[in-house]
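# Structure assessment
Listed below are the residues making up each chain.
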Protein chains: 2
Amino acid sequence: MLYLIGLGLGDAKDITVKGLEIVKNADRVYLEAYTSILTVGKEALEQFYGRSIVIADRDLLEQGAQEILFEADCKDVVLLVVGDPFGATTHTDLVLRAKELNIPFRIIHNASILNAVGCCGLQLYNFGETVSIPYWTDCWQPDSFYERIIGNRVRGLHTLCLLDIKVKEPTLESLTKKVKEYMPPRFMSVSEAADQLLKITINVKNSENNGKALPEECLCVGVARVGSDSQKIIACSLKQMKDTDLGPPLHSLIICGKLHPLEIEYLSQFALNEQDVQNSVEV
Amino acid sequence: MLYLIGLGLGDAKDITVKGLEIVKNADRVYLEAYTSILTVGKEALEQFYGRSIVIADRDLLEQGAQEILFEADCKDVVLLVVGDPFGATTHTDLVLRAKELNIPFRIIHNASILNAVGCCGLQLYNFGETVSIPYWTDCWQPDSFYERIIGNRVRGLHTLCLLDIKVKEPTLESLTKKVKEYMPPRFMSVSEAADQLLKITINVKNSENNGKALPEECLCVGVARVGSDSQKIIACSLKQMKDTDLGPPLHSLIICGKLHPLEIEYLSQFALNEQDVQNSVEV
């Protein structure tokens, strides 16, 4: 049996009781470690589970998945996934491969940022589609997520922006070499995300679609390490978010739509300047 | 300390290890039992936790919450919530009341239908805003959710429809009496939801907004008891969904937007008629 087990968002103890029982009895356990991270590392998980874990990087998961699925028809193989197993396309793909090989599978769900973001007080049914903000390079600066944020705002909806993670990315120079070299891991901060959004705003204002820009003053919420003891939440304008440091990863950014009075009341506790949140209805 | 602890979606073992530790050591434990349900009852939870639980109904939660917050500044009080604690407005409100009284609080997240719905293979970032479909009465037949489904579809997005739950609803006759009488609990099925949507479609077609109706043939996904061993998923047209029985609650309904090839491949395993899913791109 192939088990995809969600780990939740904080530390080792955020696994469910059901998930933990399966991990303890499994033949092999892998940890998917490139689409998200916990606040604790592999060693802390190994200590808590009392067993060893193999890190499953992008190469292992995307190129064949043969190792993971090996003998999974007669052995119990676990893939641990930070958050909920269906947060990333890769895992859907793995389950499809298992099905092709007649390997039974089971999913153990857990919290993901998509529902845990409710901790900032914004109501989940007031969110539109989720977007991802990728790191820009000198020659690749996509901005299609910007239009979707605007589309949500026009309808009064908040947008959850998932921020880019670069783990075990080969350096450009080593791509053609036999032995790959990897860049140090990078996790986009709310400050970097706000900076990128503000740059797009300048481009949009200089183009002919002037009306569809995100106001510099629009209310945003930055969340960091949601679900952990060191969780941090800040509500401020997009412009202020550019200069806000929420500490270690992971970060996510919310661009607010229309706010309900209960949302304003709850958000106020995280406001850099309470008046900004109170006034935000008008921006 | 006030703890809001998510129970996830299936049975007693879907609580997190962190959540279980807190429950075992708490002074008082309440179970919120009117916005959602697990596949097991209070007794199964009590047996698993080895302690007694008090059911917190709507009256207890909304009218004061004084009992729950009583002495929570010096005792550990837990409110267990099916899914994730921030799924319902009521819980945000309870936390605000705790803050007013200087009672510290902590949230233990878990899976909710908003992320676990990914189990049907539809990608979570392709969902637009979530809607709720309420039970109609003879004199109250709201349909504003319909427009929002259409709005999502126009943008190519799927819509998760949360279906109404009526637990401990006083009968109309007893509303003015001292002793309230309650109706038997009701949980909207995907069949009832599809029936209601089809009725609105007829109304829309008879009005002047003809173009904005949901096609009877549009692809839907019905999910029941997500995360439990008896989970059931069916993909079929809206018209067929009306005649589909997914068994006991809880049910949710997804109205599909534009499908990605990987989504089609995954959904096919749940298709009533595989050709419908393959063709659905064109509807």
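Residues numbered from 1 in each chain as written. Chains lettered and ligands numbered in written order. Predicted model: local features only at pLDDT ≥ 70, side-chain atom pairs only at ≥ 80, totals over all residues. Heavy atoms only, no water.

### A few points about the overall build of chain A
Summing up its helical and strand segments, chain A has 11 helices and 12 strands in all. The C-alpha atoms of chain A give 21 Å as radius of gyration, which agrees with the globular expectation for 283 residues (19 Å, within 12%). On the principal axes, the C-alpha backbone points of chain A span a range of 60 × 45 × 30 Å. Out of the 283 residues belonging to chain A, those deemed buried represent 55%. When the accessible area of chain A is evaluated, it comes to approximately 12,500 Å², of which 49% is carbon and sulfur surface. Computed over 28 positive and 38 negative side-chain charges, the inter-centroid distance for chain A is 2 Å. (Helix = DSSP H or I, 4+ residues; strand = E, 2+ residues; numbered from the N terminus. Rg over C-alpha atoms; globule rule 2.2 N^0.38 Å. Buried < 20%, exposed > 50% of the residue type's maximum accessible area, 1.4 Å probe, protein only. Areas by Shrake-Rupley, 256 points an atom, 1.4 Å probe, with all protein chains shown as cover. Lys, Arg positive; Asp, Glu negative; His and termini not counted. Charge placed at Lys NZ, Arg CZ, Asp CG, Glu CD.)

### A word on the pairing of strand E12 (residues 251–255) of chain B
Residues and elements named next belong to chain B. A large share of E12 lies buried, amounting to five of its five residues. By the alternation rule, side chains of E12 split into His251, Leu253 and Ile255 and Ser252 and Ile254, which are all buried. Both strand E7 (residues 159–163) and E12 contribute to a ladder of four bridges, which runs antiparallel. Each bridged residue has a counterpart across the sheet, and for Thr159 the counterpart in E12 is Ile255. Relative to E12, strand E10 (residues 219–224) is paired through five bridges, and the arrangement is antiparallel. Counterpart to Cys220 in the pairing with E12 is Ile255. (Pairing = 2+ DSSP bridges.)

### Considering empty space enclosed by the protein
Applying the stated criterion across every chain, the model contains four cavities of 30 Å³ or more. Of the volumes computed, that of the largest cavity is approximately 230 Å³. Around the largest cavity, the lining is made up of 16 residues, and of these A:Leu114, A:Gly128, A:Thr130, B:Leu114 and B:Thr130 lie nearest the centre. Residue composition of the lining of the largest cavity, by class: 10 nonpolar, four polar and two charged. For the second largest cavity, the calculated volume is near 70 Å³. In terms of lining residues, the second largest cavity is bounded by A:Lys18, A:Ile107, A:Ile108, A:His109, B:Gly8, B:Leu9, B:Gly10, B:Asp14, B:Asn110, B:Ala111, B:Val226 and B:Gly227. Across the lining of the second largest cavity, the residue classes break down as five nonpolar, five polar and two charged. (1 Å grid on protein atoms, 1.4 Å probe; cavity = no way out; pocket = protein on both sides within 12 Å on 5 of 7 lines; lining within 4 Å. Points joined across faces, edges and corners; volume = space filled by probe spheres on them. Nonpolar A, V, L, I, M, F, W, Y, C, P; charged D, E, K, R; others polar.)

### Details of the packing of aromatic side chains
Evaluated as defined, the whole model comprises six aromatic pairs over all chains. Plain terms: the ring middles of B:Tyr266 and B:Phe270 are 6.1 Å apart, the flat faces sit at 55° to each other, and that makes the pair tilted. Directly above the ring of A:Tyr135 sits A:Arg186, whose terminal nitrogen or CZ lies 3.8 Å from the centroid. (Phe/Tyr/Trp six-rings, centres within 6.5 Å; stacked < 30°, edge-to-face > 60°. Lys NZ or Arg CZ within 6 Å of the ring centre and 35° of its normal.)

### What about the sheet that holds strand E6 (residues 131–133) of chain B?
Residue and element names in this part refer to chain B. Strands sit in the order E6-E7-E12-E10-E11 across an open sheet of five strands; the sheet is mixed. Single-partner strands in this sheet number two, and they are E6 and strand E11 (232–237). Neighbour-to-neighbour, the strand axes of this sheet turn through a mean angle of 25°, independent of strand direction. Note that E10 and E11 share six bridges and pair antiparallel. Bridged to Ala224 within E11 is Lys232. In this fold helix H7 (residues 144–154) packs onto E6, E7 and E12, with an angle of close to 140° to the strand it touches most, E6. (Axes fitted to C-alpha atoms, helices over the stretch in contact; angles between N-to-C directions. Contact = heavy atoms within 4.5 Å.)

### A few points about the sheet that holds strand E3 (residues 54–56) of chain B
Residues and elements named next belong to chain B. Pairing is parallel across the open sheet formed by five strands, whose spatial order is E3-E2-E4-E1-E5. In this open sheet, the two edge strands, each paired with only one partner strand, are E3 and strand E5 (105–108). Strand-to-strand twist across the sheet, computed as the mean angle between neighbouring axes with direction ignored, equals 25°. Pairing of strand E2 (residues 28–32) with E3, which is carried by three bridges, proceeds in the parallel orientation. Each bridged residue has a counterpart across the sheet, and for Leu31 the counterpart in E3 is Ile55.

### Side note on the UniProt feature "binding site: S-adenosyl-L-methionine" (unreviewed entry) in chain A
Residues and elements named next belong to chain A. UniProt tags Leu9, Asp84, Gly87, Ser112, Ile113, Leu163, Val226 and His251 as "binding site: S-adenosyl-L-methionine" (unreviewed entry). With respect to the secondary-structure elements, Leu9 resides in the loop between strand E1 (2–6) and helix H1 (17–25). If we skip the residues at most four places from it in the chain, Leu9 touches Asp14, Leu38, Gly83, Ala111, Ser112, Ile113, Ala116 and Val226. Locating Leu163 in the fold gives a position in strand E7 (residues 159–163). Not counting chain neighbours up to four residues away, the residues in contact with Leu163 comprise Ile133, Met188, Ser189, Val190, Ala193, His251, Ser252 and Leu253. (UniProt positions renumbered as here; feature names shortened; annotations may be inferred.)

### Observations concerning the interface of chain A and chain B
Residue-level contacts link 50 residues of chain A with 51 residues of chain B. Note on chain A versus chain B: buried area summed over both sides is about 4,300 Å², and carbon and sulfur give 55% of it. Of all residues in chain A, A:Lys18, A:Arg155 and A:Tyr266 give up the largest surface area on contact with chain B, accounting jointly for 14% of the area buried on that side. For the pair chain A and chain B, the interface holds 10 salt bridges. Measuring nitrogen to oxygen at the nearest pair gives 3.1 Å for the salt bridge that ties B:Lys13 to A:Glu21. Along the contact surface separating chain A from chain B lie 24 residue pairs in polar contact (both at pLDDT 80 or more). Sorting the residues of the side of chain A that touches chain B by element identifies H1, helix H5 (89–100), strand E5 (105–108), helix H6 (113–116), helix H7 (144–154) and helix H10 (261–267) of chain A as the ones contributing at least two each. Tallied by class, residues from the side of chain A that touches chain B come to 20 nonpolar, 15 polar and 15 charged. (Buried area = accessible area lost by both parts, 1.4 Å probe. Salt bridge = Lys/Arg side-chain N within 4 Å of Asp/Glu carboxyl O. Polar contact = N/O pair within 3.5 Å; in protein donor to acceptor, adjacent residues only side chain to side chain.)

### A few points about the domain arrangement of chain A
Residues and elements named next belong to chain A. Split by domain assignment, chain A resolves into domain 1 (2–111) and domain 2 (114–282). Computed from C-alpha coordinates alone, the two centres of domain 1 and domain 2 are separated by 28 Å. The interface of domain 1 with domain 2 comprises 13 residues on the first partner and 14 residues on the second. Both sides of the domain 1 and domain 2 interface together cover about 950 Å² of buried area, and 57% of this is carbon and sulfur. For domain 1, the biggest contributors to the area lost against domain 2 are Leu9, Ile37 and Thr39; these three give 40% of the whole. Linking domain 1 with domain 2 are zero salt bridges, by the criterion used here. Here domain 1 and domain 2 share zero residue pairs in polar contact (both at pLDDT 80 or more) between them. Partitioning the side of domain 1 that touches domain 2 into residue classes produces five nonpolar, four polar and four charged. (Domains from an automatic or database assignment.)

### Looking at the relation of the copies chain A and chain B
Of the two same-sequence chains, chain A is brought onto chain B (RMSD 0.0 Å, axial shift 0.0 Å) by a rotation of 180°. This pairing of chains is accounted for by a two-fold axis. Of the residues that chain A buries at the interface, 100% are likewise interface residues in chain B, meaning the two copies contact each other through the same surface. (Least-squares fit on C-alpha atoms with pLDDT ≥ 70 in both.)

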